[in-house]
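A look at the structure
Below are the chains, spelled out letter by letter.
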Amino acid sequence: MPRTLIRKNPSNFKTLPLFVEATPEGLSYQSVGMPLNFAQILQKRKPVNVADAGRFALELANLGVSVRLTLHWQNRDYWVLVRQRRQDRGDVVLKLISGYVPAQELNLPLHTAIQEIAEECLLETPEGWLTGRFNDTWLPAPYSAALHYREALPFRLTPLSGSALPVRCGAQQLMERPRAYVHLPTASLQLIYDLRLDVPREAKSLSLFHVDERLENDELVARLNRSRPDLYLMPLKDGQPCAELYTLKKDQLIAASTRGLYLAESFARQDGWLVRDERVRWKDWLRQQGLAEPEKDSKLRRLTGKARQILRKIVPAKAGQR
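A few points on the structure. The structure displayed is predicted, hence computed values, not measured ones. (Residues numbered from 1 in each chain as written. Predicted model: local features only at pLDDT ≥ 70, side-chain atom pairs only at ≥ 80, totals over all residues. Heavy atoms only, no water.)

Moving on, we come to the packing of aromatic side chains. Scanning the entire structure with this criterion turns up seven aromatic pairs. Centre to centre, the rings of Trp-282 and Trp-285 are 6.0 Å apart; their planes meet at 35°, and the pair counts as tilted. Remark: Trp-285 and Trp-282 occur in helix H3 (residues 282-289); sequence separation between them is three residues, near one turn of the helix. Overall, the relative accessible area of 3% leaves Trp-285 in the buried class. Chaining the aromatic ring pairs together yields one cluster made of Phe-13, Phe-38 and Tyr-100. (Phe/Tyr/Trp six-rings, centres within 6.5 Å; stacked < 30°, edge-to-face > 60°. Helix = DSSP H or I, 4+ residues; strand = E, 2+ residues; numbered from the N terminus. Buried < 20%, exposed > 50% of the residue type's maximum accessible area, 1.4 Å probe, protein only.)

Below is the structure:
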């Protein structure tokens, strides 16, 4: 049964609309207007159009932040994806760890990104849940009232190489050079940080869980559901993704089904500074990346040579008796 970890008042969250200017050399944004709550943000997240994907100026509803998190565990690298039922768009996708940037952090979205990791990506061992550090800064332990955290064995977050094009808040260039795009269907500016999470070698029997907040009866509620971990690992080989998905339970990788799967728009094609799609089918994304899902061995292929010969004799005989 899902366990409630925390409840919040959504009216405590406020953000600000943005004015964005983009050129082929870079993108800058600044806040405009009055603070917005969740309901007001959703009202403003309506499709917009831009004629030139490389050069434009327009007002957007909000700033969002995501993390392309590379988890290093047992000498292998994996991208971390989480499952989300998007209430505002009526779909279910796998996406990067992400969230809205509050008004007070518009000039420091990296701080929001790190907090989202602490809230959405939970690492459990038999001795408790792991805390984390980003360089010399401790990550928050958002569910400490409900979960036991192990402070003596933190995971480490470090930045990976960022985008080649600069992104600025006003005149200030953002740290760690996030990738940026304007999502036209939701009139939002999205930033993606590349970060690496190193699991300590001493962390044994590791399980991974995703926790996300949902709006229920005018409250934001975060729950842990052990029967649905909702956190997925995509293996990397030589830095490139493989067409596989797994969950992790007590150090065991468990293959996850990709049937009918959709990925969020951060995996869709980007044209200049623009992303036009709401989501992308898993199979379409694999095709775009030049990837192929591993072949599933049929029962016939797993049989020995002698058994295959016997089976070939039996099957035609039965077919002829019909």
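Now that the structure has been shown, we can carry on.
Here the focus is the sheet that holds strand S14 (residues 172-173). Read across the open sheet, the five strands follow the order S4-S2-S3-S13-S14; overall the sheet is mixed. Across the chains shown, the open sheet's two edge strands, defined by having one partner strand only, are strand S4 (56-60) and S14. Note: strand S2 (residues 18-23) against strand S3 (residues 26-31), six bridges, orientation antiparallel. Among the inter-strand pairings, Thr-23 is bridged to a residue of S3, identified as Gly-26. (Pairing = 2+ DSSP bridges.)

So, about the nonpolar core. Judged by nonpolar contacts, the single largest core of 58 residues is most densely connected at Tyr-29, Phe-56, Leu-69, Ile-117, Leu-123, Leu-157 and Leu-189. The element contributing the most residues to this core is strand S5 (residues 62-73), with six residues. Grouped together as the second largest cluster of nonpolar side chains are 20 residues, Leu-96, Tyr-181, Val-275 and Trp-285 included. (Core = buried A, V, L, I, M, F, W, Y, C linked by side-chain atoms within 4.5 Å.)

A few words on the pattern of salt bridges. Within the structure shown, the criterion is met by 17 salt bridges. Taking the shortest distance from any N to any O, the salt bridge between Lys-8 and Glu-213 comes out at 2.8 Å. A residue pair is termed long-range when its members are at least 10 positions apart, and Lys-8 in strand S1 (residues 3-8) and Glu-213 in strand S18 (residues 213-216) qualify at 205 residues. Here Lys-8 falls in the partly exposed class, since its relative accessible area comes to 32%. (Salt bridge = Lys/Arg side-chain N within 4 Å of Asp/Glu carboxyl O.)

What follows is about the sheet that holds S18. Backbone hydrogen bonds hold the strands of a sheet together, and the pairing may be parallel or antiparallel. Taken in spatial order, the three strands line up as S1-S19-S18 in an open sheet, and their pairing is antiparallel. The strands lining the two open edges of the sheet, one partner per strand, are S1 and S18. Strand-to-strand twist across the sheet, computed as the mean angle between neighbouring axes with direction ignored, equals 35°. As paired elements, S18 and strand S19 (residues 219-224) share four bridges and run antiparallel to each other. From the neighbouring strand, Glu-213 faces S19, where its bridge partner is Ala-222. (Axes fitted to C-alpha atoms, helices over the stretch in contact; angles between N-to-C directions.)

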